[in-house]
Protein chains: 2
Amino acid sequence: MAEFVNVAVDGMGGDNAPLEIVKGAVEAVNESSHVKVFITGQPDQINSELAKYTYNKEQVEVVPASEVIDMAEPPVMAIRTKKDSSLVKALNLVKAGTCDAYVSAGSTGATLVGGQVIVGRIKGVERPPLAPLIPTADGCALLIDCGANVDARPSHLVQFAKMGSVYMESVMGVKSPRVAIVNIGAEEEKGNALVKETFPLLKNCPDIHFIGSIEARDIPEGKADVIVCEAFVGNVILKMYEGVGGVLIKKVKEGMMTSLRSKIGALLVKPALKQTLKAFDLEQYGGAPMLGLKGLVVKTHGSSRSVEIKNSILQCITFTEQNINQKIKEKITMEEN
Amino acid sequence: MAEFVNVAVDGMGGDNAPLEIVKGAVEAVNESSHVKVFITGQPDQINSELAKYTYNKEQVEVVPASEVIDMAEPPVMAIRTKKDSSLVKALNLVKAGTCDAYVSAGSTGATLVGGQVIVGRIKGVERPPLAPLIPTADGCALLIDCGANVDARPSHLVQFAKMGSVYMESVMGVKSPRVAIVNIGAEEEKGNALVKETFPLLKNCPDIHFIGSIEARDIPEGKADVIVCEAFVGNVILKMYEGVGGVLIKKVKEGMMTSLRSKIGALLVKPALKQTLKAFDLEQYGGAPMLGLKGLVVKTHGSSRSVEIKNSILQCITFTEQNINQKIKEKITMEEN
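Residues numbered from 1 in each chain as written. Chains lettered and ligands numbered in written order. Predicted model: local features only at pLDDT ≥ 70, side-chain atom pairs only at ≥ 80, totals over all residues. Heavy atoms only, no water.

K.L.:
Is there a simple way to explain the packing of helix α1 (residues 19-31) of chain A against helix α2 (residues 43-50) of chain A in this structure?
P.N.:
The description of two helices packed together rests on the angle between their axes and the distance between the axes. Residues and elements named next belong to chain A. The interhelical angle for the contact between α1 and α2, taken along N-to-C directions, is 50°, at an axis separation of 9 Å. Relative to α2, the element α1 is oriented oblique. As α1 packs across α2, the resulting crossing turns out to be right-handed. Only Ile46, Glu49 and Leu50 of α2 make contact with α1, whose side of the interface consists of Leu19, Val22 and Val26. For the contact of α1 with α2, the class distribution of residues is five nonpolar, no polar and one charged. (Axes fitted to C-alpha atoms, helices over the stretch in contact; angles between N-to-C directions. Helix = DSSP H or I, 4+ residues; strand = E, 2+ residues; numbered from the N terminus. Parallel < 35°, antiparallel > 145°, perpendicular 65-115°, else oblique. Left-handed = near helix turned anticlockwise from the far one by under 90°. Contact = heavy atoms within 4.5 Å. Nonpolar A, V, L, I, M, F, W, Y, C, P; charged D, E, K, R; others polar.)

K.L.:
Can you help me understand a positive patch on the surface in this one?
P.N.:
On the surface, Arg80, Lys83, Lys95, Lys294 and Lys329 of chain A cluster together to form a positively charged patch. Taking the relative accessible area as the measure of exposure, Lys95 of chain A reaches 57% and is therefore exposed. (Patch = residues over 30% accessible without salt bridge, like charges linked within 9 Å, V, L, I, M, F, W, Y side chains within 5 Å. Areas by Shrake-Rupley, 256 points an atom, 1.4 Å probe, with all protein chains shown as cover. Salt bridge = Lys/Arg side-chain N within 4 Å of Asp/Glu carboxyl O. Lys, Arg positive; Asp, Glu negative; His and termini not counted. Charge placed at Lys NZ, Arg CZ, Asp CG, Glu CD. Buried < 20%, exposed > 50% of the residue type's maximum accessible area, 1.4 Å probe, protein only.)

K.L.:
Whenever I open this one, the relation of the copies chain B and chain A confuses me. Can you help?
P.N.:
Copy one and copy two of the chain differ by a rotation about a common axis and a shift along it. For the pair chain B and chain A, the relating rotation is 180°, the translation along its axis is 0.0 Å, and the fit reaches an RMSD of 0.0 Å. Taken together, the turn and the small shift mark the pair as related by a two-fold rotation axis. If distances are taken from each C-alpha of chain B to the rotation axis, the shortest is found for Gly265 of chain B, at 1.8 Å. With an isologous cut-off of 70% or more, the 100% of interface residues of chain B that recur at the interface of chain A puts this contact in the isologous class. (Least-squares fit on C-alpha atoms with pLDDT ≥ 70 in both.)

K.L.:
I keep staring at the pairing of strand β11 (residues 296-299) of chain B and nothing clicks. Help me out?
P.N.:
Looking along a regular strand, one sees the side chains alternate between the two faces of the sheet. Residue and element names in this part refer to chain B. Across the two faces of β11 the burial is the same, with Leu296 and Val298 and Val297 and Lys299 all buried. Direction of pairing for strand β4 (residues 101-104) relative to β11: parallel, over a ladder of four bridges. If you follow Ser104 over to β11, its bridge partner there is Lys299. The pairing of strand β10 (residues 288-290) with β11 spans three bridges and is classified as antiparallel. Paired with Ala288 across the strands is Lys299, a residue of β11. Where β10 hands over to β11, the hairpin turn is made up of five residues, of which Gly292 adopts a positive phi near 90°. (Pairing = 2+ DSSP bridges.)

K.L.:
Quick question: what am I supposed to make of the interface of chain B and chain A here?
P.N.:
When the parts of a complex come together, some accessible area is lost, and that lost area is often used as the size of the interface. Contacts between the two partners involve 51 residues from chain B, matched on the other side by 51 residues from chain A. Overall, the association of chain B and chain A removes approximately 4,900 Å² of surface from exposure, summing both partners, and the carbon and sulfur fraction of that is 75%. Summed over the shared surface of chain B and chain A, the number is four salt bridges. Across the pair Lys239 of chain B and Glu215 of chain A runs a salt bridge whose closest N-O atoms are separated by 2.2 Å. The tally of links from chain B across to chain A stands at 12 residue pairs in polar contact (both at pLDDT 80 or more). Broken down by secondary-structure element, the contributors of at least two residues to the side of chain B that touches chain A are β7 (178-183), α7 (193-203), α8 (231-256) and α9 (260-278) of chain B. The element best represented in the side of chain B that touches chain A is α8 of chain B, accounting for 21 residues. Per-class residue counts for the side of chain B that touches chain A are 30 nonpolar, 11 polar and 10 charged. (Buried area = accessible area lost by both parts, 1.4 Å probe. Polar contact = N/O pair within 3.5 Å; in protein donor to acceptor, adjacent residues only side chain to side chain.)

K.L.:
Where do I start with the environment of Glu27 of chain B in this structure?
P.N.:
Residue and element names in this part refer to chain B. Inspection of the secondary structure puts Glu27 in helix α1 (residues 19-31). In this structure Glu27 comes out as partly exposed when scored by relative accessible area, which is 26%. Glu27 has contacts with Ser306, Val307 and Lys310, leaving out every residue within four places of it along the chain.

K.L.:
I would appreciate a short explanation of the confidence of the model for chain A in the present structure.
P.N.:
Low pLDDT means the predicted coordinates in that region are not meant to be read closely. A residue-level look at chain A finds 97% of positions with pLDDT of 70 or above and a mean pLDDT of 91. The ipTM value of the predicted complex is 0.86, and its pTM value is 0.89. (pLDDT = per-residue confidence, 0-100.)

K.L.:
When you look at the sheet that holds strand β3 (residues 60-64) of chain A in this model, what are you seeing that I'm missing?
P.N.:
One key point about sheets: their strands pair by backbone hydrogen bonds, in either a parallel or an antiparallel sense. Residue and element names in this part refer to chain A. Here we have six strands laid out as an open sheet, ordered β3-β2-β1-β4-β11-β10, and mixed in their pairing. A single partner strand is all that each edge strand has here, and the edge strands are β3 and β10 (288-290). The average angle at which neighbouring strand axes cross in this sheet is 25°, direction not considered.

K.L.:
How do you make sense of the packing of aromatic side chains when you look at a structure like this?
P.N.:
The description of two aromatic rings rests on the distance between their centres and on the angle between their planes. Residues and elements named next belong to chain A. Counted according to the given criterion, the structure contains four aromatic pairs over all chains. Ring centres 6.1 Å apart and planes at 45° place the aromatic pair Tyr167 and Phe319 in the tilted group. Here Tyr167, found in helix α6 (residues 154-170), pairs with Phe319, found in helix α10 (residues 306-321); they are 152 residues apart in sequence, far enough to count as distant. Phe319 matches Tyr167 in its accessibility class, with the two residues each being buried. Relative to Phe210, the ring of Phe199 has its centre 5.2 Å away and its plane inclined at 75°; by these criteria the two rings are edge-to-face. Of this pair, Phe199 sits in helix α7 (residues 193-203) while Phe210 sits in strand β8 (residues 209-215), and the two are 11 residues apart along the sequence. We note that Phe199, like Phe210, is buried. Stacked on the ring of Tyr55, the Lys or Arg Lys57 has its end atom at 4.3 Å from the ring centre. (Phe/Tyr/Trp six-rings, centres within 6.5 Å; stacked < 30°, edge-to-face > 60°. Lys NZ or Arg CZ within 6 Å of the ring centre and 35° of its normal.)

K.L.:
Looking at this model, I keep getting lost on α10 of chain A. Mind explaining?
P.N.:
One turn of the α-helix equals 3.6 residues, which is why residues spaced by three or four share an orientation. Residue and element names in this part refer to chain A. With 16 residues, α10 should reach 22 Å at 1.5 Å per residue; the first-to-last C-alpha distance of 23 Å fits that figure. Burial in α10 covers these residues: Ser306, Glu308, Ile309, Lys310, Ser312, Ile313, Leu314, Gln315, Cys316, Ile317 and Phe319. Of the residues flanking the end of α10, it is Asn323, one or two places downstream, whose phi is positive at about 60°. (Expected span 1.5 Å × (residues − 1).)

K.L.:
What's the story with the sheet that holds strand β6 (residues 139-144) of chain B in this structure? I'm lost.
P.N.:
All names here are of chain B. Read from one edge of the open sheet, five strands run β5-β6-β9-β7-β8, paired in mixed fashion. Edge strands, defined here as strands with exactly one partner in the open sheet, are β5 (133-136) and β8 (209-215). Neighbour-to-neighbour, the strand axes of this sheet turn through a mean angle of 35°, independent of strand direction. Relative to strand β9 (residues 226-228), β7 is paired through three bridges, and the arrangement is parallel. Note that in β9 the partner of Ala180 across the bridge is Ile227. Taken strand by strand, α7 contacts β7 and β8, and its axis lies near 170° from that of β7.

K.L.:
Any chance you could explain the packing of helix α8 (residues 231-256) of chain A against α8 of chain B here in plain terms?
P.N.:
Viewed as axis vectors pointing N to C, α8 of chain A and α8 of chain B meet at an angle of 40°, and their least axial separation amounts to 9 Å. With respect to their mutual orientation, α8 of chain A and α8 of chain B come out oblique. Crossing of α8 of chain A against α8 of chain B: the hand is right-handed. Mapping the contact onto sequence places Phe232, Val233, Val236, Ile237, Met240, Tyr241, Val244, Gly245, Leu248, Ile249, Val252 and Met256 of chain A in α8 of chain A and Phe232, Val233, Val236, Ile237, Met240, Tyr241, Val244, Gly245, Leu248, Ile249, Val252 and Met256 of chain B in α8 of chain B. A breakdown of the residues in the contact of α8 of chain A with α8 of chain B according to their chemical character gives 22 nonpolar, two polar and no charged.

Below, the structure written as structure tokens:
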């Protein structure tokens, strides 16, 4: 078993479970011989989906789980009471060391709570952030934190900067990633109390490449690789991507449908447009890792289809092979010296 | 003079001063016989610009000011030391009662500080917010606060909700405007400490139409008319509009230029596209009013051209004729009973 990276997949989580989850898992093992997936869920349903595909049986295992955690359930209560849910079972596989990583399209709240309570934090990590990759004009950036901890303290943000740097360098291959803190102006004296307190700490942090403040307008431009902010602000940034993007694309489509002339034009530009806009799609990068836990926990969109599940599983291979958690541990401990 | 709405215009503020400022002022008086503009600045420069146009001389007055406040100057110091600047002179015209309103494309910081220090707050208003109109899928919404006060308290946010409601109802003609607070989820128990404390206050506020939380993704969709948030978050929202919008439009253009086929298509869709995208342009609405001051203070983009200056000046007519400040005073005082 040592030859595989073992990934626990919550087979019943998300809007399209189990169909797209199982499909994505099969696509992942068919693309990489390095990975084994453990799909948790109701065996009948999972097996009847699996029966549709051809794949190496050694790389897929079904782990029975009788319950399902609903998107709307209060997370703490769900984790506590639904011990036999696909989500909790999958997290327990990581806790037990059977799996290196966890992927779920299910409840964000339950994943965040369960990640901390079941998988547990790396020693020294104060708060584990949720850190999605967001598209930029010429690539992507890591938005950290984006929903795990509201009302964060400066020391948390410094750890986010360190963990984010490790991720961008080791998983995404960005050399000496540029770290910036989200602010309402470029000058050091600008900002709210949290940013003003955090700024000098980041500036004096020797093991990251801190480039100062970043205004929200410059994030999509790609002016930094690790975007540090507290979770409330991070959530607003992520959702403005979706909101502004969605409305603008709708306006572009409406514009193209206003006259016969523009309709003909639309037919001609469509394929090229689809291609460039795909590069700016929030969902292309697979799931958001929750960093600083003893195993890798990845949350993908509730609406994930197989391609996103597959990408999330494959992302776990690099994460594990690159020994990210060991690197995070070293970087966080360095701070304490 | 009583027949005019009198507007003080900072003739030297902004990237395109005095050329576009003077042009916009002339366009405003040529469009409305109800307004008189007082342009502050270096008389030679202002007069030589004015000489280019035809307009009713009774509606334009040049008020000499020898200094200019630079965009990068620390605001408090600039207001204190540059008494003869075009910005301070224009604010003083409002303070003295000569003018009803002020419009500037100059330093945001100096306008915010000067608005409070020179024009002064309406009695009972704790913090005057900066409140730009932002485009939505089917119209616009008021984003309040967007840069005037970081680290706001719940009572401030409640006042923002009230002032914003008055503005949307009386200036924009939205009946019983829907007020929402920016949050990271739709449920009442979600949010950071500030939002959790503010939510019940808004819910129990009898004279606004509070509809609950709004996630950032739903703002561009137009799901509320008055978007309440503290300034740091408001600034991030406003700048994400610019950032995501800018990069997406660039991607659309790039996509259209990738092949001969798409280039021909682009020629055909261009006019229609331009039309629909214009409706989603942040700059179409003229300036952002700073609410809760004894006179109206309007800040327009630093890059404003004449059309924005004109719209900002014309917006002052409705504001003054609708007696917004009296309405704000009544609504704020009601809270104290």
